[in-house]
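What follows is the residue order along each chain.
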Amino acid sequence: ATIHDQKLHRGAGGELHQFAEDGMPVLTTAQGGPVSDDQNTLRLGARGPALIDDFHFREKIFHFDHERIPERVVHARGYGAHGYFETYESLAAYTRADLFQRPGEKTPAFVRFSTVAGSKGSSDLARDVRGFAVKLYTQQGNWDLVGNNIPVFFIQDAIKFPDVIHSVKPEPDKEFPQAQSAHDNFWDFITLTPESMHMIMWVMSDRAIPRSFRFMEGFGVHTFRFVNAADESTFVKFHWKPKLGLQSVAWNEAVKINGADPDFHRRDLWQSIQSGAFPEWELCVQLFDQDFADTFDFDILDPTKLIPEEILPVKPIGRLVLDRMPENFFAETEQVAFMTQNVPPGIDFSNDPLLQGRNFSYLDTQLKRLGGPNFTHLPINAPKCPFHNFQQDGHMAMRNPVGRVNYQPNSWNQGPRESPVQGYRHFPAEEQGPKVRLRPESFADHYSQARQFYISQTSPEQRHIAAALIFELSKVETPVIRERMVSHLLNIDETLASKVGHALGFKSMPKPADAAMPTRQDLEPSPALSIIER
Ligand code: HEM
């Protein structure tokens, strides 16, 4: 046998394994063709022009040129891990969701933590909301609980989402500042949007600079429904409670960490899981009915409000353990597609107008981000239960209906069938009313819970909130925007407002904001406000 022959080996199935001279597998093109030289392009003479026959070079560069996909329009920077969810007890009285029927049942999970505003390459310790997106691969299909580490949100209606996000991202002409919140556009939008006041207090607090993902809470934010086998509905709010407790860093620490190690949070998750210190959260619920909901001044459909845990304690219903890092960041963490619309039978939506808009948005954005309608064929997005349907073709289709039948009803008695018993039944909520664009009166109080949050903080935490507001607003160059924010703060806490106003150089305080009135949009500070000393 020649040397050449010794480097070939046929496998049991007749496949040809080719080895390079040092015994490593031979490099091939994507078409499987063996490559002889990966160091030099094909040229006419050693110093001559490149030749178009060089299919290996062309394929290699072509593929490289297409490596990037669009980053997520929000939550671009994230880090994920695999794990499982373990059910504590049967919740059959409340929900027919299969994953909540049997104590001890384990459901595979994938979780992605993220920052909202920064780009994919931004730093981990930014002052920002953190995404806490959980995909549970249940036996009745995937359930995505796409939450944040803050229990409320900036806006009450999804139609404002592009505005809040545009305002927080870098300004379109200059493409800076990168620092998410520290600029005029963001504070302009916030101060013209009083419904954001509760959320903004959380964002100015230590919650927005977590020590690591392992020390964060997570929240489903919206009111959802549990629906049991008898089609009875219970409202539910979801909370993730970290076993390690809640910890944040101080702002000066965050700034230093960002400079020294912008990957601090992902490194922490990687190292803890690789070393066997598996982070864990309890899934807790607040369960309530319409009568209970009616006892509040605020509306349980309003995503800028929470139900205080002192009034309705959370009930632990299971635990989430993250015990395995992805083998490939791009294939798993980057290509995972979370969607609020992914719910199994027994979990349903409320009329929260933010949730309703989200249910539309995620599928839409992923069609673009993941390049077509077949992103559920990617292993990270595919269900882990048996599934059957007649969807076919499209870009990158990896599976198609097999055999003659790709429709139903059909006379060949083939293929899957719908099932009114096993299938997803939407809760038959009775709805009626005129078709209007109208914010309900029950969504009108923007300050009470902002105040409650502020006064619930310890004094060092309150000092941090004041310092954050002073730092952020000192970066705002337009005086009237600073004035507007202080006028909102007057409705939240007067001491806080005057502390911030004083630090910003106000000689007198503005009038408290009137949330019911259209906020002033002109750029002149009020005459009562002396020119700010900068
Ligand atoms: C992405 C949470 C509101 C549109 C995300 C992600 C999270 C999240 C955690 C990252 C998912 C991942 O890791 O892949 C939330 C929460 C919201 C909220 C908790 C409010 C309570 C909205 C609204 C819209 C929206 C109102 C639009 C109407 C999007 C889009 C993405 C996204 C387009 C990018 C998805 C992707 O490309 O994979 N959101 N979001 N979100 N969210 Fe939201």
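All values derive from a computational prediction rather than experimental measurement.

A. Spotlight on the overall build of the chain. Along the backbone of the chain there are 14 helices and twelve strands. Reported as C-alpha extents along the three principal axes, the dimensions of the chain are approximately 95 × 70 × 45 Å. Taken across its 534 residues, the chain has 36% of its residues classed as buried. A fraction of 70% describes how many contacts in the chain between residues 6 or more apart in sequence connect residues 24 or more apart.

B. Looking closely at the UniProt feature "domain: Catalase core" (unreviewed entry) in the chain. Annotation from UniProt places "domain: Catalase core" (unreviewed entry) at residues 28–416. Taken end to end, residues 28–416 is 21% helix and 19% strand, and its two terminal C-alpha atoms sit 41 Å from one another.

C. The arrangement of the pairing of strand E5 (residues 130–138) in detail. Summarising burial for E5: nine of the nine residues are buried, a large majority. Side chains Arg130, Phe132, Val134, Leu136 and Thr138 project from E5 onto one buried face, and the interleaved Gly131, Ala133, Lys135 and Tyr137 project onto a second face that is buried too. Sheet analysis places strand E4 (residues 106–115) next to E5, joined by seven bridges and oriented antiparallel. Within E5, the position partnered with Ala109 by the bridge is Leu136. In the sheet, E5 pairs with strand E6 (residues 141–148) via eight bridges, with the strands oriented antiparallel. Residue Ala133 lies in a different strand from E6, and its bridge partner there is Val146. Here E5 hands over to E6 after two residues, the two strands then running antiparallel side by side.

D. Quick look at the nonpolar core. Ranked by internal contacts, the top residues of the largest apolar core, which has 51 residues, are Met199, Met201, Trp202, Leu489, Ile492 and Val500. Secondary structure elements with two or more residues in this core: helix H3 (161–168), helix H4 (184–191), helix H5 (197–203), helix H10 (353–369), helix H11 (448–456), helix H12 (459–474), helix H13 (479–492) and helix H14 (494–503). Once residues within four sequence positions are removed from consideration, Leu489 is found in contact with Leu496, Ala497 and Val500. Counting residues in each nonpolar core, the second largest holds 47 residues, with Tyr79, Val111, Trp281 and Leu301 among its members.

E. Spatial organisation of the packing of H4 against H13. It is at 9 Å that the axes of H4 and H13 come closest, and there the two elements cross at 40°. Considering the angle they form, H4 stands oblique to H13. The two elements H4 and H13 cross, and the hand of that crossing is left-handed. Where H4 approaches H13, its residues Asp184, Trp187, Asp188 and Thr191 are matched on the opposing element by Ile481, Arg484, Met485 and His488.

F. The site of the ligand, seen in detail. Neighbouring residues of the ligand: 28 residues in total, closest Arg72, His75, Arg112, Gly131 and Ser361. Top element by residues in the shell around the ligand is H10. It accounts for eight residues. Split by residue class, the shell around the ligand holds 14 nonpolar, ten polar and four charged.

G. How the structure looks around the environment of His75. Tracing the backbone shows His75 in the loop between helix H2 (55–65) and strand E3 (78–87). Sequence separation between His75 and Gly131 is 56 residues, and the spatial gap between their C-alpha atoms is 6.9 Å. Among all residues touching His75, those that are not within four sequence positions of it are Ser114, Val116 and Gly131.

H. Focus on the pairing of strand E11 (residues 315–324). As paired strands, E3 and E11 are joined by six bridges and run antiparallel to one another. Note that in E11 the partner of Glu86 across the bridge is Arg319. With six bridges joining them, strand E10 (residues 280–288) and E11 adopt antiparallel strand pairing. Bridging across to E11, Leu283 finds its partner in Gly318.

I. Summary view of unusual backbone geometry. In this structure, Pro177 follows Phe176 across a cis peptide bond, with omega equal to 5°. Looking at the secondary structure, you find Pro177 in the loop between H3 and H4. In the segment running from Gln408 into Pro409, the intervening peptide bond is cis, with an omega of 5°. Of note, Pro409 is situated in the loop between H10 and H11.

About the thresholds
- Residues numbered from 1 in each chain as written.
- Predicted model: local features only at pLDDT ≥ 70, side-chain atom pairs only at ≥ 80, totals over all residues.
- Helix = DSSP H or I, 4+ residues; strand = E, 2+ residues; numbered from the N terminus.
- Buried ≥ 20, exposed ≤ 12 C-beta atoms within 10 Å, placed from the backbone.
- Contact = placed C-beta atoms within 7 Å.
- UniProt positions renumbered as here; feature names shortened; annotations may be inferred.
- Pairing = 2+ DSSP bridges.
- Core = buried A, V, L, I, M, F, W, Y, C linked by C-beta atoms within 7 Å.
- Axes fitted to C-alpha atoms, helices over the stretch in contact; angles between N-to-C directions.
- Parallel < 35°, antiparallel > 145°, perpendicular 65-115°, else oblique.
- Left-handed = near helix turned anticlockwise from the far one by under 90°.
- Near = placed C-beta within 6 Å.
- Nonpolar A, V, L, I, M, F, W, Y, C, P; charged D, E, K, R; others polar.

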